[in-house]
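Residue-level structural notes
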Amino acid sequence: MDNNPDLISRREFLVQASAGAAVLLTGAATLSCSSRSTSHIQGGMVGANHQAGHKLRNIPALYKLPISERLTTDVLIIGGGVSGLSARRWLNQKGIRDVLLLEMDAKTGGNAAYGKNAISAYPFGAHYLPIPDLRNKELVRFLEEVGAITGFDTKNLPIYSDYFLCHDPEERLFINGFWQEGLVPEMGVPTSDKQQIKQFFQLVDEYKQAKGADGLDAFTIPLERSSRDEKFRQLDTISFASYLTEKGFTSPFLQWYLTYSCRDDYGSTLETTSAWAGIHYFASRKGQAANANASSVLTWPQGNGFLADQLRAQADSPIRQNLLGYGLQRSATGVTVQACDVATNRTVVMEARKVIVATPQFITKHLVQHLMPERSTCTGFHYAPWVVANLTISGLPQGRGLPLCWDNVMYDTASVGYISANHQDLRDNPNKVITYYKPLTDEEPDVARRRAYTTTYEQWLTQILDELEVAHSGITAFVSQVDIWVWGHGMISPSPGFIWGQERQQAIQPIADSIFFAHSDLSGISIFEEAFYQGIRAAKEAMKAL
Ligand SMILES: Cc1cc2nc3c(=O)[nH]c(=O)nc-3n(C[C@H](O)[C@H](O)[C@H](O)COP(=O)(O)OP(=O)(O)OC[C@H]3O[C@@H](n4cnc5c(N)ncnc54)[C@H](O)[C@@H]3O)c2cc1C
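A quick note: this is a predicted structure, and the numbers were derived from the prediction, not measured.

Glancing now at the site of the ligand. Taken together, 34 residues form the shell around the ligand, and within it Ser83, Glu103, Asn111, His519 and Phe528 come nearest. Contacts to the ligand include Gly110, whose backbone N or O atom sits 3.5 Å from an oxygen atom. The contact in question runs from a nitrogen atom of the ligand to an N or O atom on the backbone of Tyr128, over 2.9 Å. Residue classes in the shell around the ligand are distributed as 18 nonpolar, 15 polar and 1 charged. When residues of the shell around the ligand are assigned to domains, at least three map to each of domain 1 (10-18 + 34-41 + 171-193 + 252-273 + 383-493) and domain 2 (50-115 + 304-379 + 498-545).

Below is the structure:
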């Protein structure tokens, strides 16, 4: 990403002027998009087992199911996303082997879900990991274990695997009818706006270096290790929109870029994102490497599904899939947990000394409702709905400018663009899978979620293709398959006051030294690093209490 765009050049001005005409032409071509034939396109709605999760709305009915099995274990982990798998790996590595993990879905991985076809694997959720700060030692060690770090140079800087470091060209933006390099708008952007963009990134650099009175970095990952200095934390009390207004950042191009960033990272808007979280995204990336820079990312065709599978493979204690945990009760020896086998509708009853609940809070509240009725509201936890679509294509009509990159974003459109899932595959193959991401930020999350659940496959398909046709006129004819996944509660959105507010802190507290909580939403931002950290934190707490 170029953080210091120069003033507009004459060459760029000429390109921009001719691009204006191209935009008009493209605009005219898209008028009839909805009437294109899509009958040749295969596919459908795919996704996690919503029916299983919705069973938690009627827990009394679950208690009536016949019991088929009784089990005991030292530590029971509920939830097989990154946080639950991270807890399991950590416990196993520390010698705690009597661990059982329950996952309600048919696969582990949670939001790092992925699919695969003859052309490529492709993500349905999380798809990249920025290279970490070296002080995040646990994560660096994990990346070494999975072969993402292949060694260290003489300055002890990690050397990342060329297979996993995102290859060039990495990012492009379709703006004014032209694919420019990088996502910060440059093409056709007036000088005064470029100046503001430059000032914003200068401010980010200052925040990157900043430390609080306690000597801690103002912004870091895991965010729990960030400074407690009020000077920085008070940024959490206002929205990112208010912060930008206060600082005089009025450029529509800068505002678009930051809106895009909030939507992409948090599924929220400038108004619904805490200023602390908005700045954290930019100011916390401090990765170092022998062969990459701080903004480099690691990616795989299956996205972070690679990392989730590796976390799973690094431990050997049992995992039971299709088991929906609920009804936690304290017992004489620890905790009793019920689980519904969603395939057979039978109950498994488990007795555990300690339980780690690695589920999002909108589910957790149902699991612990008898023990902590006060957790039943979770009003501060807001979740963004998302739609992700994988399109299998036999070609991509290319507009003017930079060719296909890993990340491809279209200025001022409904989605946050698409990634090329087989980007890391160096073979020159016209057949590709592209993964389209759209956070549903136009309406309140509840309204958008309900609408998303009732939107048909054909309606999504039309919306997605209409948008892609703007930058890739004629793409519909090249599409053979589209699979669409709706994430009703895709990721936690860090609304103003949430990151350093009380509700998040309270939700982390264990119950009676027996039930511990791990999930990325307990960090207030939904990224692999935080899920990985929350799993280890909860595992350490549980192990100490064993
Ligand atoms: C569209 C999208 C794109 C994303 N992109 C990125 C990205 O590029 N990079 C990144 O770092 N992060 C990304 N994320 C964030 C991602 O959520 C986190 O990185 C991480 O995977 C979250 O892991 P988790 O364990 O905290 O939660 P989850 O993934 O939510 O895992 C929770 C697990 O618990 C299971 N479960 C729930 N209830 C029960 C129950 N009662 N019994 C048994 N099992 C249960 C669920 O099925 C699930 O498997 C993205 C998220 C989405 C939605």
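Before going further, it helps to spend a moment on the side chain of Thr364. Within the element layout of this structure, Thr364 appears in helix H12 (residues 361-367). Among the polar contacts made by the side chain of Thr364, one reaches the side chain of Thr359 at a distance of 2.7 Å.

Across a sheet, strands are paired by hydrogen bonds formed along the backbone, either parallel or antiparallel in direction. An order of S1-S21-S16-S20-S19-S18-S9-S10-S17 is seen for the 9 strands of this open sheet, with the pairing classed as mixed. Of all the strands in the sheet, just strand S1 (42-46) and strand S17 (400-401) have a single pairing partner and so form its edges. By the bridge criterion, 2 bridges tie strand S10 (residues 178-181) to S17 in an arrangement that is parallel. Counted as the bridge partner of Trp179 is Gly401 from S17.

Further remarks concern the pattern of salt bridges. In total, this model carries 19 salt bridges according to the counting rule given. Measuring nitrogen to oxygen at the nearest pair gives 3.0 Å for the salt bridge that ties Glu69 to Arg320. Residue Glu69 is found in strand S2 (residues 67-78), and its partner Arg320 is found in strand S12 (residues 319-320); the two are separated by 251 residues along the sequence. Among the residues examined, Glu69 registers a relative accessible area of 28% and is labelled partly exposed. Residue Arg141 pairs with Glu138 through a salt bridge whose shortest N-O separation is 3.4 Å.

Under the UniProt annotation, the feature "binding site: FAD" (unreviewed entry) is placed at Ser83. Its place among the elements puts Ser83 in helix H4 (residues 82-93). Here Ser83 is in contact with Ala358, Ala518, His519, Ser520, Ala531 and Gly535, once residues within four sequence places are set aside.

How each quantity is defined
Residues numbered from 1 in each chain as written. Predicted model: local features only at pLDDT ≥ 70, side-chain atom pairs only at ≥ 80, totals over all residues. Heavy atoms only, no water. Near = heavy atom within 4 Å. Polar contact = N/O pair within 3.5 Å; in protein donor to acceptor, adjacent residues only side chain to side chain. Nonpolar A, V, L, I, M, F, W, Y, C, P; charged D, E, K, R; others polar. Domains from an automatic or database assignment. Helix = DSSP H or I, 4+ residues; strand = E, 2+ residues; numbered from the N terminus. Pairing = 2+ DSSP bridges. Salt bridge = Lys/Arg side-chain N within 4 Å of Asp/Glu carboxyl O. Buried < 20%, exposed > 50% of the residue type's maximum accessible area, 1.4 Å probe, protein only. UniProt positions renumbered as here; feature names shortened; annotations may be inferred. Contact = heavy atoms within 4.5 Å.

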